[in-house]
Amino acid sequence: MRPHQVERPTPHRDSPPSPVSRAALLTFFSLATLAFCIHAPRALAAAPRAPSLGITLPIEVIGKDGTKSSVTLPISERDAHSPLELWLQVHNLSYENKASIRFNTGTWISLNNSTASVEGLGKNFGGIGGAFATLPLRIQLPAGVLSPGNNTIHFRLNHTDGRSIGFRVLKLNFIRPDGSRVFAESQFTQEDPNTWRPPFPDKKSIKAGEALWRTAALVQSSKRPVRIKAHCMDCHTQDGRDLKYFNYSNQAIIERSRFHGLSEKEGKQIASYIRTLQGVPNPGRPWNPPYQPGPRVGSQPVAHWAAGAGIDQVLEKDRDILPYIFPRFPHIKQGDVRTTGYLNTRTTPIPLQLPDWNHWLPTIHPMDAWGSNFLESPAYTLYNGKSGGRAEDASTMRARARYVRENGYSPYFTRLHFASQQWNLALYQFLCPRYPNSQRCNTSSGKKQKLPDSLIGHDSVYGQKMYSTALWAMVKMWEIMQEFGLEGHQKQLFSESREDWGWMTNYSFDTSPHLLGLHRDRTGINNNSPLMFVYFSAAWYQLSFILYNGNHADGAHRDGQRPIDWPYAYAFLGELQNTPKPYVPLNGLLTLWLVKAMQIADNSIGTDGQRIRPSLKASPISPHTPSPGWATKTVADISRLVAPSFMKGWADISQEERRGILEALLYAWWEKSNDFPPSLWWKNSTVANTREKLTGNYDGSAGDKLWYLLPQFKHHGVSPELVKKVAHWAQTIWPQKNWSDVVNARCRPHQHYFVCSTEARQ
């Protein structure tokens, strides 16, 4: 015991403090709290912040073969002797061995799918050279390459493939063995495009840049300096606004100009012209895919929609989409989905990266692919006239769009919508006879046409020509929608639409490699694998789902295939999750599609394709046209949720979550189906009739699909009472079958799915 220290007995831990000790404690805590309140702001302000590294991101490595860039990072002695990994987020590693990295004076490491470990879904969809334009990846550091103090990382463009001229490092860090990062993200500085200035600010140089943009003679590439017919304005927007909108840097513009045969000075003049474009917003970045959906879109003006929500809002896993669909997730109940509701596909994030702007741009302009055949076709002249826009032609898309804007958008539907459909048809009629597959196409005269085999190529270059022509149309439609401010006027096209924003037709759907009839292994897209065919078919369908999905009540302007051919789209979602190795679960995304499809199909048009509440202005719909209304065979096809090709798609969703999804969608489906009396279901015998033989074929008739799905849904836990209720209703539509059989059916496992006793194959 210390001198003068009095030893006191320690109270039992469960005993309450004495009145004196309680008062003392209260006084102590009161004083401590007061002291913290007085000094906390100063203390917090004085907390040390991680010092800036003096590194501005992104790091652009863009130019001729061998172009290099480097950054220097301080490494502590502890980290220098730890087995670190380099973590990068890189945009546009579009082929393997495109880029190399080097640490200090070490050897160059070429980046490919063996030397780098791609993180997330990007690795499933091809990794480097695959479908994702932006990839997070890790690189193992060779032993001893780092030392305490400053260390330099070098980045190099190895070689161009004749199309791309570089890549961007968006983020970088070192990862310790425990998963922590060496640097805080706040230590890096993000470049602000609004600080960029024209290389030549004088009016003469800017005017010269515009002239070069519109008329300069170009070569195909620095690797193949063959003169081409296209000018800058032909593959991009006519005024270059896309480069301003997506914030392509001066360096990127200058080096791309040099790649196409212009001088550095001419490249700087073009960059100066782009930098000084007036009235063009610039919310985008080259790595943020156009129209990538996410919550951030909802808080932005319509002019920023095309910039997308950002690459960081791409979901890491499919199941992460479910809270955006079901408000009470993970508890999903009957009534959580309504066909009368509105699910916003613009703000619902997805686990796929949509094509970035680099991907949108055609690699071969149609005039260089097809020559005068294209320039003289309506596919081109309907866009900008026979003179290429040099003489005003009121019938062209651009002239019509200008008229619509000048007249306050009120003539949008009458002046431009039908014209856009005619342009879309002209593009189809130009491309279809050139399809590499054997399909013969309807021409404007109604005759079947197919070009001679000698004029149709079957290699990847021919695939690029076909794909680039569709991409050209996408770019030009984007140009028209943006330049004339059309995206926010969807209600002018369809007054009853639930969509406020949108396009005027479905160019995105027609851009898919599938609809272009391309060979699966010769598309000319990225690594040219069949996976690229599947991925970008699904991606362009997904973009159509966002831009122009049916508008709920567009009636005669939509049929069973347009603007989205739903069975094709569902099939590609199924194929997309089964093609990669290992497969990628995507049934959360399928659920998004089905919920939105049911809302679109609830549009005052009956099961037979006839209007329930016909408008005096509405044109009649042929009963022979595939139903654009409540089409349970094609649009509202919830049997996909239990079809064999989709069963692997539930891998990262729990059984209880799946049960809730099935039950919520079946309840919404039945609520709407029950609105239509049997007589309306029977009005078109191709929809339902009392004589068809129901076999439970999930690819069969509407009755077949229901006969198939009810036992499956019950097997996966859906309320037996709901299944019984739906079966009782179905008995009134298809009385030739005993629907109590599906209520009492038994199912057994078979491969990766289930087979039920009511299926014909049993």
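Residues numbered from 1 in each chain as written. Predicted model: local features only at pLDDT ≥ 70, side-chain atom pairs only at ≥ 80, totals over all residues. Heavy atoms only, no water.

With respect to the overall build of the protein
Turning to step 1, where the next piece is worked out: Check the secondary structure of the protein and you find 25 helices and 17 strands.
Turning to step 2, where the next piece is worked out: Here the protein holds 762 residues, and 56% of them are scored as buried.
Turning to step 3, where the next piece is worked out: Partitioning the contacts of the protein with sequence separation of at least 6, the portion at a separation of at least 24 is 72%. (Helix = DSSP H or I, 4+ residues; strand = E, 2+ residues; numbered from the N terminus. Buried < 20%, exposed > 50% of the residue type's maximum accessible area, 1.4 Å probe, protein only. Contact = heavy atoms within 4.5 Å.)

Some details on the environment of Ala-208
Turning to step 1, where the next piece is worked out: Secondary-structure assignment places Ala-208 in helix α3 (residues 203–215).
Turning to step 2, where the next piece is worked out: Taking relative accessible area as the criterion, Ala-208 reaches 26% and is therefore assigned partly exposed.
Turning to step 3, where the next piece is worked out: Separated by 62 residues in sequence, Ala-208 and Ile-270 place their C-alpha atoms 7.6 Å apart.

Let's talk about the state of the cysteines
In protein structure, a disulfide is the covalent linkage between the sulfur atoms of two cysteines.
Turning to step 1, where the next piece is worked out: Tallied over the entire structure, the rule returns one disulfide.
Turning to step 2, where the next piece is worked out: The disulfide partner of Cys-747 is Cys-756, and the S-S distance across this bridge is 2.0 Å. With the S-S bond torsion at 95 degrees, the cross-link from Cys-747 to Cys-756 turns out right-handed. This pair shows no difference in class: Cys-747 is buried, exactly as Cys-756 is.
Turning to step 3, where the next piece is worked out: Free of any disulfide, Cys-232 has its nearest neighbouring cysteine sulfur in Cys-235, separated by 8.7 Å. (Disulfide = S-S within 2.5 Å.)

Considering helix α14 (residues 412–431)
Turning to step 1, where the next piece is worked out: An ideal rise of 1.5 Å per residue puts 28 Å on 20 residues; α14 measures up with 27 Å between its terminal C-alpha atoms.
Turning to step 2, where the next piece is worked out: Restricting attention to buried positions, one finds in α14 the residues Tyr-412, Leu-416, His-417, Ala-419, Ser-420, Trp-423, Asn-424, Ala-426, Leu-427, Phe-430 and Leu-431. (Expected span 1.5 Å × (residues − 1).)

Quick look at the pattern of salt bridges
Turning to step 1, where the next piece is worked out: Scanning the entire structure with this criterion turns up 28 salt bridges.
Turning to step 2, where the next piece is worked out: For Arg-640, the salt bridge identified is with Asp-637, shortest N-O distance 3.0 Å.
Turning to step 3, where the next piece is worked out: Judged by relative accessible area, which is 12%, Arg-640 ranks as buried.
Turning to step 4, where the next piece is worked out: Residue Arg-659 pairs with Glu-656 through a salt bridge whose shortest N-O separation is 2.9 Å. Here the residue Arg-659 and the residue Glu-656 both occupy positions in helix α21 (residues 655–673), the gap between them amounting to three residues, near one helical turn.
Turning to step 5, where the next piece is worked out: Classification of Arg-659 by relative accessible area gives buried; the value is 17%.
Turning to step 6, where the next piece is worked out: Judged by its relative accessible area of 47%, Glu-656 is partly exposed.
Turning to step 7, where the next piece is worked out: Through salt bridges that share partners, Arg-398, Lys-476, Glu-479 and Glu-483 make up one connected network. (Salt bridge = Lys/Arg side-chain N within 4 Å of Asp/Glu carboxyl O.)

Examining the sheet that holds strand β6 (residues 109–110)
Two orientations exist for strands paired in a sheet by backbone hydrogen bonds: parallel and antiparallel.
Turning to step 1, where the next piece is worked out: Here four strands make up an open sheet; going across it, the order is β3-β9-β5-β6 and the pairing antiparallel. Across the chains shown, the open sheet's two edge strands, defined by having one partner strand only, are β3 (68–75) and β6.
Turning to step 2, where the next piece is worked out: For β3 and strand β9 (residues 149–157), the ladder comprises eight bridges, and the chain directions are antiparallel. Bridging across to β9, Leu-73 finds its partner in Asn-151. (Pairing = 2+ DSSP bridges.)

Comments concerning empty space enclosed by the protein
Turning to step 1, where the next piece is worked out: Scanning the entire structure with this criterion turns up three cavities of 30 Å³ or more.
Turning to step 2, where the next piece is worked out: Of the voids in this model, the second largest cavity is the one considered here, and its volume is about 40 Å³.
Turning to step 3, where the next piece is worked out: Along its surface, the second largest cavity is lined by Thr-632, Asp-637, Ile-638, Ser-639, Trp-669, Ala-702, Lys-705, Leu-706 and Leu-709.
Turning to step 4, where the next piece is worked out: Tallying contributions element by element places helix α23 (residues 702–715) first for the lining of the second largest cavity, with four residues.
Turning to step 5, where the next piece is worked out: A class-by-class count of the residues in the lining of the second largest cavity yields five nonpolar, two polar and two charged. (1 Å grid on protein atoms, 1.4 Å probe; cavity = no way out; pocket = protein on both sides within 12 Å on 5 of 7 lines; lining within 4 Å. Points joined across faces, edges and corners; volume = space filled by probe spheres on them. Nonpolar A, V, L, I, M, F, W, Y, C, P; charged D, E, K, R; others polar.)

As for the sheet that holds strand β2 (residues 59–62)
Turning to step 1, where the next piece is worked out: On the basis of which strands lie adjacent, the open sheet formed by five strands has the order β2-β10-β4-β8-β7 and antiparallel pairing. Each end of this open sheet is capped by a strand with a single partner; those strands are β2 and β7 (117–118).
Turning to step 2, where the next piece is worked out: Here strand β4 (residues 85–91) pairs with strand β8 (residues 134–140) via seven bridges, running antiparallel. Considered in β8, the bridge of Leu-86 is made with Ile-139.

Remarks on the confidence of the model for the protein
Turning to step 1, where the next piece is worked out: This prediction gives the protein a mean pLDDT of 89; 87% of its residues lie at or above 70.
Turning to step 2, where the next piece is worked out: Taken together, the stretch residues 614–618 has pLDDT below 50 and engages in one contact with residues farther than four places along the chain or on a different chain.
Turning to step 3, where the next piece is worked out: Here residues 620–626 is a poorly scored stretch, pLDDT under 50, and it has 14 contacts once near neighbours within four places are set aside; other chains count. (pLDDT = per-residue confidence, 0-100.)

Some details on unusual backbone geometry
Turning to step 1, where the next piece is worked out: Following Phe-329, the chain continues to Pro-330 via a peptide bond in cis, the omega torsion being 10 degrees.
Turning to step 2, where the next piece is worked out: Note on placement: Pro-330 falls in the loop between α8 (322–325) and α9 (357–360).
Turning to step 3, where the next piece is worked out: Of the consecutive residues Lys-581 and Pro-582, the connecting peptide bond is found in the cis state with omega at 0 degrees.
Turning to step 4, where the next piece is worked out: Structurally, the position occupied by Pro-582 is in the loop between α19 (566–578) and α20 (587–601).
Turning to step 5, where the next piece is worked out: Backbone geometry places Asn-97, a non-glycine residue, at a positive phi of 60 degrees.
Turning to step 6, where the next piece is worked out: Examined against the element boundaries, Asn-97 turns out to sit in the loop between β4 and β5 (99–103).
Turning to step 7, where the next piece is worked out: Under the relative-accessibility criterion, Asn-97 is labelled partly exposed at 30%.
Turning to step 8, where the next piece is worked out: Of note, the phi angle at Asn-104 is positive, near 55 degrees, even though the residue is not glycine.

As for the packing of α21 against α23
Turning to step 1, where the next piece is worked out: Closest axis-to-axis distance for the α21/α23 pair is 11 Å, and the angle between their directions is 140 degrees. Taken together, the axis directions place α21 and α23 in an arrangement best described as oblique. In the packing of α21 onto α23, the handedness of the crossing is left-handed. Two secondary-structure elements touch here, α21 through Leu-662, Leu-666 and Trp-669 and α23 through Leu-706, Leu-709, Leu-710 and Phe-713.
Turning to step 2, where the next piece is worked out: Counted by class, the contact of α21 with α23 contains seven nonpolar, no polar and no charged residues. (Axes fitted to C-alpha atoms, helices over the stretch in contact; angles between N-to-C directions. Parallel < 35°, antiparallel > 145°, perpendicular 65-115°, else oblique. Left-handed = near helix turned anticlockwise from the far one by under 90°.)

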